[in-house]
Amino acid sequence: MTTNIILLGPPGAGKGTQARRLVEERDLVQLSTGDMLREARTSGTEMGKVVAEVMDKGQLVTDEIVIGLIREKLEDTKAAGFIFDGFPRTLRQADALEDLLSGMGQKIDAVIEMQVDDGALVDRVSGRYTCGNCGEVYHDTTRPSAKEGVCDVCGSTDLRRRADDNAESLKTRLLEYYKKTSPLIGYYYAKQKLRPVDALAEIGKVGHEIAGILGQPVEA
Ligand code: ADP
Ligand code: ZN
């Protein structure tokens, strides 16, 4: 049996952090369009250049581009299931995902709605840094690396802050979220897939709540 999960929530809700935990606990593959797009922008292609500009402003990249990226990954990857992190972000993307999965004889099992209040997001996003090597996510006050400048997980010293993790870009990202992504809450509610969790709790507790929704991990 496959399990396909969507993590839905505003920037800074903790989607990436929880996706990484789920990958570790279950035999699932994380599909983060944010990560794919950050990879595309370092590729030096024309598409990469367009993507970089749009992302840094905090706007959404076009549906064509992100749906194309997801389609490629779904075709190329064998997995017991997928965690969609940062996708879908528009109703068009949601419809496209449903078509892609049904073409593979699959469906979305649960949409985890990560609820936070907007006040917390500024702090979360502006304190965030990640490991450029393994992708571990840290935060200046709530989850600093044990040794400053060194990744706990892989020992890399390549700890980075994202160009779009600043107050100005966050404003645009939030607006994009409310205008284009939050309608997905109603969409998945109507499809009886929506499972809200309190994403303001600490990381382990949120993970616990998600595990409770998904049931016991399947033995690998
Ligand atoms: P966050 O959720 O913390 O804002 P992400 O890493 O998911 O960060 O996304 C960063 C940026 O990448 C977004 O602001 C947007 O420009 C672009 N992006 C990521 N996923 C999508 C998507 N599904 N559709 C359109 N743009 C996307
Ligand atoms: Zn690392």
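Rules of the game
- Residues numbered from 1 in each chain as written.
- Chains lettered and ligands numbered in written order.
- Predicted model: local features only at pLDDT ≥ 70, side-chain atom pairs only at ≥ 80, totals over all residues.
- Heavy atoms only, no water.
- Near = heavy atom within 4 Å.
- Polar contact = N/O pair within 3.5 Å; in protein donor to acceptor, adjacent residues only side chain to side chain.
- Areas by Shrake-Rupley, 256 points an atom, 1.4 Å probe, with all protein chains shown as cover.
- Helix = DSSP H or I, 4+ residues; strand = E, 2+ residues; numbered from the N terminus.
- Nonpolar A, V, L, I, M, F, W, Y, C, P; charged D, E, K, R; others polar.
- Pairing = 2+ DSSP bridges.
- Donors = N, O, S within 2.8 Å, 3.2 Å for Na, K, Ca; no water.
- Tetrahedral: all angles 85-135°; square planar, octahedral: opposite > 155°, others 65-115°.
- Buried < 20%, exposed > 50% of the residue type's maximum accessible area, 1.4 Å probe, protein only.
- Contact = heavy atoms within 4.5 Å.
- Salt bridge = Lys/Arg side-chain N within 4 Å of Asp/Glu carboxyl O.
- Axes fitted to C-alpha atoms, helices over the stretch in contact; angles between N-to-C directions.

Caption draft 1: View of the site of ligand 1. Taken together, 20 residues form the shell around ligand 1, and within it Thr33, Arg38, Gln59, Gln93 and Arg173 come nearest. In this structure, Arg38 approaches ligand 1 through a side-chain N or O atom, which is 2.8 Å from an oxygen atom. One nitrogen or oxygen atom from the side chain of Arg128 is found 2.9 Å from an oxygen atom belonging to ligand 1. When ligand 1 is considered free in solution it has 550 Å² of accessible area, and contact with the protein chains removes 97% of it. Examining the composition of the shell around ligand 1, we find that four residues originate from one element, helix 2 (residues 33-41), more than from any other. Tallied by class, residues from the shell around ligand 1 come to seven nonpolar, six polar and seven charged.

Caption draft 2: Quick peek at the sheet that holds strand 5 (residues 128-131). Spatially, the three strands line up as an open sheet ordered 6-5-7, and their pairing is antiparallel. Edge positions in the sheet fall to strand 6 (137-139) and strand 7 (159-160), since each has one partner strand and no second. Bridge count between strand 5 and strand 6: three bridges; the pairing is antiparallel. Bridging across to strand 6, Arg128 finds its partner in His139.

Caption draft 3: Representation of the coordination of the zinc ion (ligand 2). Distances from the zinc ion (ligand 2) to its protein donors, Cys131 (SG), Cys134 (SG), Cys151 (SG) and Cys154 (SG), fall at 2.3 to 2.4 Å. One can describe the site at the zinc ion (ligand 2) as tetrahedral: its four donor atoms subtend angles covering 103 to 115 degrees at the metal. For the zinc ion (ligand 2), the single-chain donor residues occur in sequence as C-x2-C-x16-C-x2-C. The exposure class of Cys151 is buried, given its relative accessible area of 3%.

Caption draft 4: Summary view of the pairing of strand 5. Remark: five residues form the turn of the hairpin made by strand 5 and strand 6, two consecutive strands paired antiparallel; Gly135 in that turn has positive phi of roughly 90 degrees. Where strand 5 lies against strand 7, two bridges are found, and the strand directions are antiparallel. Directly across from Cys131, in strand 7, lies its bridge partner Leu159.

Caption draft 5: Expanded view of helix 1 (residues 15-25). Within the sequence span of helix 1, burial applies to Lys15, Thr17, Gln18, Ala19 and Leu22. Those residues of helix 1 that are buried lie in contact with strand 1 (5-8), strand 2 (29-32), strand 3 (82-85), strand 4 (110-115), strand 6 and helix 9 (203-214).

Caption draft 6: Layout of the pattern of salt bridges. Scanning all chains against the criterion turns up 18 salt bridges. Lys107 is the salt-bridge partner of Asp109, the closest N and O atoms lying 2.7 Å from each other. Across the pair Lys171 and Glu168 runs a salt bridge, and its minimum N-O distance is 3.7 Å. Here the residue Lys171 and the residue Glu168 both occupy positions in helix 7 (residues 167-181), the gap between them amounting to three residues, near one helical turn.

Caption draft 7: Summary view of the sheet that holds strand 4. Judged by pairing direction, the sheet is parallel, and its five strands sit side by side in the order 2-3-1-4-8 without closing on themselves. Strands at the two margins of the open sheet, each flanked by one partner only, are strand 2 and strand 8 (194-198). Strand-to-strand twist of the sheet, defined as the mean angle between neighbouring strand axes without regard to direction, takes the value 25 degrees. Each of strand 1, strand 2, strand 3 and strand 4 touches helix 1; the most contacted strand, strand 3, lies at about 170 degrees to it.

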